[in-house]
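Analysis of the macromolecular model
Listed here are the chains, written in short residue letters.
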Amino acid sequence: MFEHRAQPLLPRAEFLRRLARHGGIAALLLVGSLALGVLGYHTFGGLGWVDALLDAAMILGGMGPVHELDTVAAKLFASAYALFSG
């Protein structure tokens, strides 16, 4: 996948292409993880879309939850999502 240290450096265009591809993969993982959290908080937690986005972003960013969850399903989802995010 990458060059051995004894090999010459990639040309600039190929390096930028690789950088863009890896950045795109990272962005897809981030957006997918955030979407999973938003759907979970909306479905299991009964939060509105904006509140679900806020909670998912805060958990994914390592800050912690914002809203208190009441149902067992919501708490189980939040626990799993926090472990996934960590």
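Everything below is about the structure printed above this text.
Notes on the structure in this doc start here.

1. Description of the packing of aromatic side chains
One pair of aromatic rings is described through two measures. These are the centre distance and the angle between the planes. Under the definition given, this model contains five aromatic pairs. Plain terms: the ring middles of Tyr 41 and Tyr 81 are 6.1 Å apart, the flat faces sit at 85 degrees to each other, and that makes the pair edge-to-face. One end of the pair, Tyr 41, is in helix H1 (residues 12-45); the other, Tyr 81, is in helix H3 (residues 72-85), and 40 residues separate them in sequence. Across the pair, exposure class does not vary: Tyr 41 and Tyr 81 are buried alike. Both rings, one in Phe 77 and one in Tyr 81, keep their centres 5.7 Å apart while their planes meet at 15 degrees; by these two values the pair is stacked. Residue Phe 77 and its partner Tyr 81 are both found in helix H3; the two are separated by four residues, about one turn of the helix. Put simply, the rings of Tyr 41, Phe 44, Phe 77, Tyr 81 and Phe 84 pair up and form one aromatic cluster.

2. Observations concerning the pattern of salt bridges
The final tally for this structure, using the stated rule, is one salt bridge. Residue Arg 18 is joined to Glu 3 by a salt bridge in which the shortest nitrogen-to-oxygen separation is 2.3 Å. With a gap of 15 residues between them, Arg 18 in helix H1 and Glu 3 in the segment before H1 connect regions that are remote in the sequence.

3. Topic: the packing of H1 against helix H2 (residues 49-60)
Between H1 and H2, the shortest axis-to-axis distance is 8 Å and the interhelical angle comes to 130 degrees. The angle between H1 and H2 places the two elements in the oblique class. The chirality of how H1 crosses H2 is right-handed. Contact residues: Leu 30, Ser 33, Leu 34, Gly 37, Val 38, Leu 39, Tyr 41 and His 42 in H1; Trp 49, Ala 52, Leu 53, Asp 55, Ala 56, Ala 57, Ile 59 and Leu 60 in H2. Residues belonging to the contact of H1 with H2 are distributed by class as follows: 12 nonpolar, three polar and one charged.

Rules and cut-offs
- Residues numbered from 1 in each chain as written.
- Predicted model: local features only at pLDDT ≥ 70, side-chain atom pairs only at ≥ 80, totals over all residues.
- Heavy atoms only, no water.
- Phe/Tyr/Trp six-rings, centres within 6.5 Å; stacked < 30°, edge-to-face > 60°.
- Helix = DSSP H or I, 4+ residues; strand = E, 2+ residues; numbered from the N terminus.
- Buried < 20%, exposed > 50% of the residue type's maximum accessible area, 1.4 Å probe, protein only.
- Salt bridge = Lys/Arg side-chain N within 4 Å of Asp/Glu carboxyl O.
- Axes fitted to C-alpha atoms, helices over the stretch in contact; angles between N-to-C directions.
- Parallel < 35°, antiparallel > 145°, perpendicular 65-115°, else oblique.
- Left-handed = near helix turned anticlockwise from the far one by under 90°.
- Contact = heavy atoms within 4.5 Å.
- Nonpolar A, V, L, I, M, F, W, Y, C, P; charged D, E, K, R; others polar.

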